[in-house]
Amino acid sequence: MTNILITGSKGQLGFALQNVEQNYPKFNCYFADKNQLDITKPNTIEEFITTNNIKVIINCAAYTNVDKAEDNEGLATEINKVAVENLALISKKHNVTLIHISSDYVFDGTSEKPYLETDITNPQNKYGFTKLKGEEALQKINPANALIIRTSWLYSLHGNNFVNTMLRLFKNNKTVKVVSDQKGSPTNATDLANVLFTIIPHINNKNVEIYHYSNKGICSWFEFAQEIANITKSECNIVPISSKDFNSKVKRPKYSLLNTEKMQQTFHIEILSWQDSLKQCLNKINKL
Ligand SMILES: NC(=O)C1=CN([C@@H]2O[C@H](COP(=O)(O)OP(=O)(O)OC[C@H]3O[C@@H](n4cnc5c(N)ncnc54)[C@H](OP(=O)(O)O)[C@@H]3O)[C@@H](O)[C@H]2O)C=CC1
Ligand SMILES: Cc1cn([C@H]2C[C@H](O)[C@@H](COP(=O)(O)OP(=O)(O)O[C@H]3O[C@@H](C)C(=O)[C@@H](O)[C@H]3O)O2)c(=O)[nH]c1=O
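Residues numbered from 1 in each chain as written. Chains lettered and ligands numbered in written order. Predicted model: local features only at pLDDT ≥ 70, side-chain atom pairs only at ≥ 80, totals over all residues. Heavy atoms only, no water.

Undergrad: Please provide a residue-by-residue account of the pattern of salt bridges, values included.
TA: One pass over the structure, following the stated rule, counts 12 salt bridges. The salt bridge involving Glu73 is made with Lys126; its shortest N-O contact spans 3.7 Å. Of the two residues, Glu73 is situated in helix H4 (residues 73-94) and Lys126 in helix H5 (residues 126-141); the sequence distance between them amounts to 53 residues. Judged by relative accessible area, which is 27%, Glu73 ranks as partly exposed. Under the relative-accessibility criterion, Lys126 is labelled partly exposed at 29%. (Salt bridge = Lys/Arg side-chain N within 4 Å of Asp/Glu carboxyl O. Helix = DSSP H or I, 4+ residues; strand = E, 2+ residues; numbered from the N terminus. Buried < 20%, exposed > 50% of the residue type's maximum accessible area, 1.4 Å probe, protein only.)

Written as structure tokens, this is what we have:
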């Protein structure tokens, strides 16, 4: 049995991992939310690791409110950078495999082809900036077997995300305006959760490795919203708008498609299209 600690377990990825855990009987998972284990408290984390003989940490804890991060850079930095640095130090000291999740928002969105792991980063907002600082801190400490997995547009039926926001807006509005000039790929949190558990036995790297993971294909947020409406048979009128007409002070990348070849080839995984995976997710609504 491999003992795994999942931090931020009440978030959408943590919750997705909890939902699929029973399919991986070789893992003994400890799911810890912010109240049980605050990642900004290194002593508590270290004690937990040693007491429970933890061999792998999946760090799902993060400051993810992109709008609020603009005014709360200090707190976002504590969680997305300083805490990651401490997790890296603890992982190195105790020989723990650290899987850290990062974001497409580390890129500036000026590329015209899917971003490679080696492409230059240049975050456009504070959230992306603090996520990049977390990546850099982890790379500097460089514990063996550590991974940075960048993902994009994560969603599930649990928690705060674009799909749940749209489902709520569709119910209460005749028209919803959605930006059509930002493109990327949605990622079903359940797919990512399965991938994380699948790759754990095959992790073997001396230096920190970065991988990209999202569902296949590309869409704009507008097209994503349209597909959510189609699948759920919503009659809400979805209107495309440009980013400048959306009321937000945050700059988001215009294009943040991630190239997932490295992940697929290294770990021999298949990836579903964003449309098929979205259907799988939304079909669960009827079964709830
Ligand atoms: N959501 C997305 O679209 C994307 C997310 N990512 C990355 O994926 C990872 C998982 O994201 P996601 O599941 O969506 O995030 P969520 O915001 O759903 O979950 C993050 C969890 O971390 C918790 N948390 C916050 N601070 C601490 C702390 N100090 N100690 C322990 N837990 C804490 C939060 O608790 P509370 O809510 O109570 O503060 C929340 O439960 C993150 O690293 C994120 O940056 C990458 C790309 C896209
Ligand atoms: C709610 C809403 C959003 N939008 C736009 C704003 C934005 O450009 C886009 C998505 O909105 P969100 O608030 O979900 O965006 P955001 O919180 O920026 O989503 C991001 O979260 C972080 C954590 C990540 O790491 C990213 O990969 C990405 O998923 O849709 C509309 O156009 N109309 C709307 O009614």
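Undergrad: If you had to explain the environment of Ala61 to someone new, which residues and values would you point to?
TA: Among the secondary structure elements, Ala61 is positioned in the loop between strand E3 (56-59) and helix H3 (66-69). Its relative accessible area of 14% is what places Ala61 among the buried residues. Each C-alpha atom of the pair Ala61 and Pro123 lies 20 Å from the other, and the pair is 62 residues apart in sequence. Once residues lying within four places of it in the same chain are set aside, the contact partners of Ala61 are Thr7, Gly8 and Ile39. (Contact = heavy atoms within 4.5 Å.)

Undergrad: Report on the site of ligand 1, specifying residues and quantitative values.
TA: For ligand 1, the set of nearby residues contains 23 residues, the closest of which are Lys34, Asp38, Thr64, Tyr127 and Lys131. A distance of 2.9 Å is found between an oxygen atom of ligand 1 and a backbone nitrogen or oxygen belonging to Leu13. Within the side chain of Lys34, one N or O atom sits 2.8 Å away from an oxygen atom of ligand 1. Computed on the free molecule, ligand 1 has an accessible area of 890 Å², of which 81% lies beneath the protein chains in the complex. Taken together, the elements giving at least two residues each to the shell around ligand 1 come down to helix H1 (12-20), strand E4 (97-103) and H5. It is E4 that contributes the most residues to the shell around ligand 1, 3 residues altogether. Partitioning the shell around ligand 1 into residue classes produces 11 nonpolar, 8 polar and 4 charged. (Near = heavy atom within 4 Å. Polar contact = N/O pair within 3.5 Å; in protein donor to acceptor, adjacent residues only side chain to side chain. Areas by Shrake-Rupley, 256 points an atom, 1.4 Å probe, with all protein chains shown as cover. Nonpolar A, V, L, I, M, F, W, Y, C, P; charged D, E, K, R; others polar.)

Undergrad: Account for unusual backbone geometry, naming residues and giving values.
TA: Negative phi values dominate among residues other than glycine, just as trans dominates among peptide bonds. Despite not being glycine, Asn142 shows a phi value in the positive range, around 55 degrees. For Asn142, the position within the fold is in the loop between H5 and strand E5 (147-151). The partly exposed category is assigned to Asn142, whose relative accessible area is 24%.

Undergrad: Summarise the nonpolar core; cite the residues concerned and give the values.
TA: Judged by nonpolar contacts, the single largest core of 55 residues is most densely connected at Phe170, Val178, Phe224, Ile228 and Leu278. With sequence-adjacent residues up to four places away left out, Val178 is seen in contact with Phe162, Met166, Trp221, Phe222, Ala225, Ile238, Val239, Pro240 and Ile241. Formed by 32 residues, the second largest nonpolar core is a distinct cluster that contains Tyr24, Leu147, Ile199 and Ile271. (Core = buried A, V, L, I, M, F, W, Y, C linked by side-chain atoms within 4.5 Å.)

Undergrad: So what's going on with the site of ligand 2? Residues and values would help.
TA: Every one of the 19 residues lining ligand 2 counts as a neighbour, but Ser103, Asp104, Lys177, Gln182 and Arg252 are closest to it. Note that an oxygen atom of ligand 2 is positioned 2.9 Å from one of the side-chain N or O atoms of Tyr105. Summarising the interface, the protein chains cover 83% of the accessible area of ligand 2, which totals 710 Å² for the free molecule. Mapped onto the shell around ligand 2, the elements with two or more residues apiece are helix H6 (162-172) and strand E7 (175-179). Sort the elements by how many residues they give to the shell around ligand 2 and H6 lands first, with 4 residues.

Undergrad: Kindly report on the packing of aromatic side chains, identifying the contributing residues and their values.
TA: A complete count under the given rule lists 15 aromatic pairs for this structure. Members of the aromatic cluster, joined through ring pairs, are Trp153, Tyr155, Phe162, Trp221, Phe224 and Trp274. Residue placement shows Lys262 over the ring face of Tyr211; its charged tip is 4.6 Å from the ring centre. (Phe/Tyr/Trp six-rings, centres within 6.5 Å; stacked < 30°, edge-to-face > 60°. Lys NZ or Arg CZ within 6 Å of the ring centre and 35° of its normal.)

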